[in-house]
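These are the residues of each chain, in order.
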Amino acid sequence: MVRHIIHADLDAFYAAVEQLDNPELRGKAVLVGGRPEGRGVVATASYEARRFGVHSAMPMATAARQCPEGIIVRPRFDRYREMSAQVMDIFRAITEIIQPVSLDEAYLDITDASAETSPIAIAIDIKNRVRQEVGLTISVGLGTGKCVAKIASDFQKPDGLVVVPQGQEAEFLAPLPVGTLLGVGPKSAARLNDEDIHTIGDLAAMPDSWFARRFGKRGSSIRDRARGIDDEPVQTSREAKSVSSETTFPQDLSAVEEIRPVVERLSSSVASALGRKGISGRTVTVKMRLSDFTTFTRQTTLSHATHDDDTIVATAWTLMEREMTPGRAFRLLGVGVSGFAQDTEPEADAEPSPELQQPLRL
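If you're wondering where the values come from, they're calculated on a predicted model, not measured in any experiment.

Peer 1: Teacher, can you tell me more about the nonpolar core here?
Peer 2: Soluble globular proteins tend to pack their nonpolar side chains together in the buried interior. Residues Ile-6, Phe-91, Leu-108 and Leu-136 are the most contacted members of the largest nonpolar core, which totals 33 residues. At the level of secondary structure, the elements contributing two or more residues to this core comprise strand S1 (5-10), helix H1 (13-21), strand S2 (30-33), helix H4 (77-92), strand S6 (105-109), helix H5 (119-134) and strand S7 (138-143). Leave out the neighbours within four places in its chain, and Ile-6 touches Ala-106, Tyr-107, Leu-108, Ile-110, Ile-122, Ala-123, Ile-126, Val-140, Gly-141, Leu-142 and Ala-149. Judged by nonpolar contacts, the second largest core, of 27 residues, contains Val-243, Ala-316, Met-320 and Met-324.

So, in structure tokens, the structure goes:
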């Protein structure tokens, strides 16, 4: 049976919601995110702002310089979640096989639904209902696999609809830049370009043995996706692999009396989240970003899984304290717990092991 997979992606979601709720913002360059003076970043930019080269994750100060007419709006995540829920309800009226990726995008397996209605008709119905019932536009990619559908949904944004028929996946992918393929990040794409591999077609033409040498365990999956082969199912549920909390500071911090309360607050927040979920974890991780943007983690594994506030605070602070060398200033800190197990009572004297993870340069 031929699968029919949709990737649906709301266009400039946060900015579009702000323009929907405030008619004065319509047709204007809207920058949703933090204030530039507080090291804010762009969460979403309207298409009017994107013409100035503004994009998500760009420092707001940079965005404001590039787009001086941009209107900065603070995010309203409760409102975005409300609007997202309305869109997901539309999806669920069509199929129960849905994999939300974020508030503004999801994969849908419409194979069963297409037994009575053509896949293209379903895609058009989704677009019409989102526009009429929610007031937003959505771009849709339709194909036989998640990778092709994802790429297709981004092909004619905003308000796009791109269909990749069965048997034409490799032809559709071949001329696209190699960095477009899922699983090939910017650094990998740059290294592939150095090897004169510039398009997905170039990548697909490489011999099977090369993929294993080049990508290791990921080689076969990247090879298949490059050739338009993708059987990955739409996952209707996804278990969290970690629970974490982080914060970026308006100004770099270096003093113990400034940093310790932050570590305690983040650790307590994680402990509370674990308690609400009824789960415990053995691995405590502290994420740090220095003033020069060097980012790395330190982690340790406890003898028993825990969600105990005091244990997580003490463990995180031990990791953090070792990194507070003279002259170091931190712009971001985060605390996370992973290595989940069934909910058990932690031992009060659980101590972190001495092994630490090496720096992870991002």
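Peer 1: Would you mind showing me how to read the sheet that holds strand S5 (residues 98-102) here?
Peer 2: Strand pairing within a sheet occurs via backbone hydrogen bonds; the two strands may be parallel or antiparallel. Read from one edge to the other, the open sheet built from five strands follows the order S5-S6-S1-S7-S8, with strand pairing classed as mixed. Unpaired on one side and paired on the other, S5 and strand S8 (161-163) mark the two borders of the sheet. Geometrically, the sheet is characterised by an average inter-axis angle of 15° between neighbouring strands, direction not taken into account. Running over the sheet, H5 touches S1, S6, S7 and S8 and is turned about 170° from S7.

Peer 1: Honestly, helix H8 (residues 186-194) in this entry has me stumped. Any pointers?
Peer 2: Every buried residue belonging to H8 is among Ser-188, Ala-189 and Leu-192, and all of these are buried. In a view along the axis of H8, the buried residues occupy a sector of 100°, so they form one face of it. Relative to its buried face, H8 has exposed residues pointing more than 90 degrees away, namely Pro-186, Lys-187 and Asp-194. The inward-facing, buried residues of H8 contact helix H9 (200-204) and helix H10 (208-215).

Peer 1: What is the right way to look at the sheet that holds S2 in this model?
Peer 2: Strand order in the open sheet formed by three strands is S3-S2-S4, and the pairing between neighbours is mixed. The open sheet has two edge strands, strand S3 (42-45) and strand S4 (71-73), and neither has a second partner. Ignoring which end each strand starts from, the neighbouring axes of this sheet average 30° apart. By the bridge criterion, three bridges tie S2 to S4 in an arrangement that is parallel. Paired with Val-30 across the strands is Ile-71, a residue of S4.

Peer 1: How should I be thinking about unusual backbone geometry in this particular structure?
Peer 2: Glycine aside, a negative phi is what most residues show, and trans is what most peptide bonds show. That bond from Lys-157 to Pro-158 is cis: its omega, -5°, falls within 30 degrees of zero. Residue position: Pro-158 is located in the loop between helix H6 (146-153) and S8. With a phi angle near 60°, Asp-159 is a residue other than glycine that sits in the positive phi range. With respect to the helices, strands and loops of the structure, Asp-159 is situated in the loop between H6 and S8. In this structure Asp-159 comes out as partly exposed when scored by relative accessible area, which is 33%. Even without being glycine, Phe-293 reaches a positive phi, approximately 75°. Residue position: Phe-293 is located in the loop between strand S10 (279-290) and strand S11 (295-306).

Conventions and cut-offs
- Residues numbered from 1 in each chain as written.
- Predicted model: local features only at pLDDT ≥ 70, side-chain atom pairs only at ≥ 80, totals over all residues.
- Heavy atoms only, no water.
- Core = buried A, V, L, I, M, F, W, Y, C linked by side-chain atoms within 4.5 Å.
- Buried < 20%, exposed > 50% of the residue type's maximum accessible area, 1.4 Å probe, protein only.
- Helix = DSSP H or I, 4+ residues; strand = E, 2+ residues; numbered from the N terminus.
- Contact = heavy atoms within 4.5 Å.
- Pairing = 2+ DSSP bridges.
- Axes fitted to C-alpha atoms, helices over the stretch in contact; angles between N-to-C directions.
- Arc of directions from axis to C-beta.

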